[in-house]
Amino acid sequence: MTVTLEVRDNVGTILLDRPPMNALDVAVQDRLRELAEEATRREDVRAVILYGGEKVFAAGADIKEMQAMDHTAMVVRSKALQDSFTAVARIPKPVVAAVTGYALGGGCELALCADFRIAADNAKLGQPEILLGLIPGAGGTQRLARLIGPSRAKDLIFTGRMVRAEEALTLGLVDRVVPAAEVYEQAHAWAAKLAKGPALALRAAKESVDAGLETDIDTGLTVERNWFAGLFATEDRERGMRSFVEEGPGKAKFL
């Protein structure tokens, strides 16, 4: 399999394994969607890591495969491409991208689908599609602008330039830069900590933030309010408040 889902300590790792550069061909795209949907369904998966291995996250689309497609073929395929990445972005659980080496084009767009990005100090990220006479097609024009702002996103998209990890951190494209040997370990620690948290509250938080970014503030506040009130019907809320009253803050253990 070119993409697998491995689960340990309630953390599911979606691992890209298509040497040498984890090029995102049609088969990889479809498999990503399948595993994102599986991670969404599985109760033993409470947080997710996106990982390409020690050397490279993903260096982009399979250009040879793409070159053979004409306009009609891409009209059909582009929706499936976006749907694959959207399935990852909509996993209703905390998702962290562990970025090593190159995360370019579709690889960068995949990292953008995560809630948090930990990058190796030797990582390089970018959206070089303009150099092919194209634009990002897997969500890059939308998720990148929402993450780092429109003018910074346009700089990266218009020029197609790669940025090193430290600049990516300054731009807000990644959230933490660590030595390359520690990327997966730190990603797993982040995910494992959240995997012990209240699953429904984490889902509510993620969906409230994401939905709010896509609408006006009044609608966003309505989404937040509905989730906030709804959580009062959960065992996790009862457990968390009881622990706070009896033991003090931060000591609740959630199932």
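Look up: the structure comes first, before these words.
This text gives an overview of the structure that appears in the document.

**With respect to the sheet that holds strand β9 (residues 176–178)**
Sheet strands associate in pairs through backbone hydrogen bonding, adopting either a parallel or an antiparallel arrangement. Read from one edge of the open sheet, 6 strands run β1-β2-β3-β4-β6-β9, paired in mixed fashion. With one partner strand each, in any of the chains shown, β1 (3–8) and β9 form the two edges of the open sheet. Across the sheet, the axes of successive neighbouring strands diverge by a mean angle of 20°, strand direction being ignored. The strands touched by helix α1 (residues 26–41) within the sheet are β1, β2 (11–16) and β3 (47–51), with β1 carrying the most contacts at an inclination of about 25°.

**What about the pattern of salt bridges?**
In a structure, side chains of opposite charge can pair up when their charged atoms sit close to one another. Per the stated rule, a full pass over the model turns up 15 salt bridges. A salt bridge links glutamate 38 to arginine 42, with the shortest nitrogen-to-oxygen separation between them at 2.9 Å. For arginine 161, the salt bridge identified is with glutamate 167, shortest N-O distance 2.7 Å. Given the relative accessible area of 28%, arginine 161 is considered partly exposed. On the basis of relative accessible area, glutamate 167 is assigned to the partly exposed category, the value being 32%. Via salt bridges that share partners, Arg18, Asp25 and Asp62 belong to a single interconnected network.

**A short note on the packing of α1 against helix α3 (residues 71–89)**
Viewed as axis vectors pointing N to C, α1 and α3 meet at an angle of 40°, and their least axial separation amounts to 8 Å. Viewed along their axes, α1 and α3 adopt a mutual orientation that is oblique. α1 and α3 meet at a crossing whose hand is left-handed. Residues Val26, Gln29, Asp30, Leu32, Arg33 and Ala36 of α1 form the contact with α3, whose own contacting residues are Arg77, Leu81, Asp83, Ser84, Ala87 and Val88. Residue composition of the contact of α1 with α3, by class: 6 nonpolar, 2 polar and 4 charged.

**Observations concerning the packing of helix α9 (residues 199–213) against helix α10 (residues 217–230)**
Packing of α9 against α10 brings their axes to within 9 Å, and their N-to-C directions diverge by 170°. On the basis of their axis angle, the class for α9 and α10 is roughly antiparallel. Contacts between α9 and α10 involve Leu200, Arg203, Ala204, Glu207, Ser208, Ala211 and Gly212 from the first element and Gly220, Val223, Glu224 and Trp227 from the second. Here the residues of the contact of α9 with α10 sort into 5 nonpolar, 3 polar and 3 charged.

**Focus on the environment of valine 223**
The topology assignment puts valine 223 in helix α10. A residue is classified by how much of its surface remains accessible, and valine 223, at 23% relative accessible area, is partly exposed. With 139 residues separating them in the primary sequence, valine 223 and serine 84 have C-alpha atoms 25 Å apart. Among all residues touching valine 223, those that are not within four sequence positions of it are Glu207, Ser208 and Ala211.

**With respect to the pairing of β2**
The side chains of a regular strand alternate between both faces of the sheet. Most of β2 is tucked away, with 6 of its 6 residues classed as buried. Here β2 shows no split at all, with Val11, Thr13 and Leu15 on one side and Gly12, Ile14 and Leu16 on the other all buried. The pairing of β1 with β2 spans 6 bridges and is antiparallel. Looking at β2, one finds that valine 3 is bridged to leucine 16. Joining the antiparallel neighbours β1 and β2 is a turn of 2 residues, in which aspartate 9 adopts a positive phi near 55°. Pairing of β2 with β3, which is carried by 5 bridges, proceeds in the parallel orientation. By the bridge assignment for β3, valine 11 is matched with alanine 47. Handedness of the crossover joining β2 and β3 through α1 is recorded here as right-handed.

Reading the values: the criteria
Sequence order as written defines the numbering, with residues in each chain counted from 1. Totals for whole chains, interfaces and linings use all residues, but because this is a predicted model, local features are given only for residues with pLDDT of at least 70 and pairs of side-chain atoms are given and counted only at 80 or more. Only hydrogens and water are set aside; all other atoms, that is, all heavy atoms of the structure, feed into the side-chain values. Two strands qualify as a pair provided that DSSP identifies no fewer than 2 bridges between them. Helical segments are the DSSP runs of H or I of at least four residues, strand segments are the runs of E of at least two, and each set is numbered from the N terminus. Every angle, taken between N-to-C directions, lies between 0 and 180 degrees, and every axis is a line fitted to C-alpha atoms, over only the stretch in contact when it is a helix. Contact between two residues is taken to exist if any of their heavy atoms lie within 4.5 Å; hydrogens are not considered. What makes a salt bridge here is a side-chain nitrogen of Lys or Arg within 4 Å of a carboxyl oxygen of Asp or Glu, nothing more. A 1.4 Å probe rolled over the protein chains alone gives each residue an accessible area, and that area as a share of the maximum for its type sets the label: buried under 20%, exposed over 50%, partly exposed in between. Note on terminology: angles under 35 degrees are roughly parallel, angles over 145 are roughly antiparallel, angles of 65 to 115 are roughly perpendicular, and the others are oblique. Handedness of a crossing follows from how the near helix is turned relative to the far one, being left-handed for an anticlockwise turn of less than a right angle and right-handed for a clockwise one. Three classes are used, and their members are as follows: Ala, Val, Leu, Ile, Met, Phe, Trp, Tyr, Cys and Pro are nonpolar, Asp, Glu, Lys and Arg are charged, and the others, Gly among them, are polar. The handedness of a crossover follows from its direction of travel: if, with the strands pointing away from the viewer, the path from the first strand over the helix to the second runs clockwise, the crossover is right-handed.

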